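A closer look at the structure
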Amino acid sequence: MLRARHYTDIAIVSDAIHEPIAGKRLKYMGRELEVSHDCSRVSLVGSSILAGSCCSLLQSFRSLIDVFSLPLGHAAAMLSETPARIAGLDHIGSIAVGKRADLLLLDSHFNLQATLVNGQLVYESN
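First things first, this report covers the structure right here in the doc.

Parameters at a glance
The residue numbering used here restarts from 1 in each chain and proceeds along that chain's sequence as written. Reporting of local features is limited, given that this is a predicted model, to residues whose pLDDT is at least 70; pairs of side-chain atoms are given and counted only at 80 or more, and all residues count toward the totals for whole chains, interfaces and linings. Side-chain measures here rest on the full set of heavy atoms in the structure, leaving out hydrogens and waters. Under the DSSP-based scheme used, a helix requires at least four consecutive residues in state H or I and a strand at least two consecutive residues in state E, with every element numbered from the N terminus. Using a 1.4 Å probe on the protein chains alone, a residue whose accessible area is under 20% of its type maximum counts as buried, one over 50% counts as exposed, and one in between counts as partly exposed. It only takes one pair of heavy atoms within 4.5 Å for two residues to be counted as in contact. Surface accessibility in these figures is a Shrake-Rupley result with a 1.4 Å probe; residues are shielded only by whichever protein chains are displayed. Only four residue types enter the tally: Lys and Arg on the positive side, Asp and Glu on the negative side; His and the chain ends are excluded. Note that the charge is assigned to NZ on lysines, CZ on arginines, CG on aspartates and CD on glutamates. Whenever Lys or Arg places a side-chain nitrogen within 4 Å of a carboxyl oxygen from Asp or Glu, that contact is recorded as a salt bridge. Side-chain rings of Phe, Tyr and Trp, where Trp is taken by its six-membered ring, are said to pair if the distance between their centres is within 6.5 Å; with planes under 30 degrees apart they count as stacked, over 60 as edge-to-face, and otherwise as tilted.

Moving on to the overall build of the chain. Along the chain, the regular secondary structure elements total 3 helices and 7 strands. Considered along the principal axes of its C-alpha atoms, the chain spans approximately 50 × 40 × 30 Å. Taken over 126 residues, the chain has a buried fraction of 24%. Across the chain, contacts joining residues at least 24 apart in sequence account for 31% of those joining residues at least 6 apart. Entry remark: accessible area of the chain is about 8,600 Å², with carbon and sulfur atoms responsible for 55%. Positive and negative side-chain charges of the chain, numbering 11 and 12 respectively, have mean locations separated by a distance of 6 Å.

What follows is the structure, given as structure tokens:
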């Protein structure tokens, strides 16, 4: 798909419902779920029925750059600008005057250093 479509036509989203802690059990929508041993998915307890993933958008961003060798700007657009445009949310998705400032600040290895929501610092790493 990455070769078949222009990067501005590809939106990367996640249905991550839990952090990747192997064997972790949780209740979601009245059902008991469990994170797989390899932390790749969440299934209904005692079955192989998929209920969600543990893949965060940051993990997807890293994969787009490290595995698929996409330029940083293309990967960022696929996770922010394109999904916002498709959803008709013109107040988010890019950095511009008048838009809501929801930002992740990463180091050179793409590790999360800080999170800003609406321009306010809500998380800072140690």
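This paragraph deals with the pattern of salt bridges. Evaluation of the coordinates by the stated rule reveals 4 salt bridges. Taking the shortest distance from any N to any O, the salt bridge between Arg25 and Glu32 comes out at 3.2 Å. Classification of Glu32 by relative accessible area gives partly exposed; the value is 36%. The residue Arg100 makes a salt bridge to Asp102 at a minimum N-O spacing of 2.6 Å. Classification of Arg100 by relative accessible area gives partly exposed; the value is 37%. Judged by its relative accessible area of 33%, Asp102 is partly exposed. Linked through salt bridges whose partners overlap, the residues forming this network are Arg25, Glu32 and Glu34.

Moving on, we get to the packing of aromatic side chains. Per the counting criterion, the structure on display carries 1 aromatic pair. Ring geometry for Phe61 versus Phe110: centroids 5.5 Å apart, planes at 85°, classification edge-to-face. Of this pair, Phe61 sits in helix H1 (residues 57-66) while Phe110 sits in the loop between strand E5 (103-106) and strand E6 (112-117), and the two are 49 residues apart along the sequence. Here Phe110 falls in the buried class, since its relative accessible area comes to 16%.

Positive phi, close to 55°, is recorded for Met29, a residue that is not glycine. Considering the arrangement of structural elements, one finds Met29 in the loop between strand E1 (25-28) and strand E2 (31-35). Its identity as a non-glycine residue notwithstanding, Phe110 has a phi of 65°, on the positive side.

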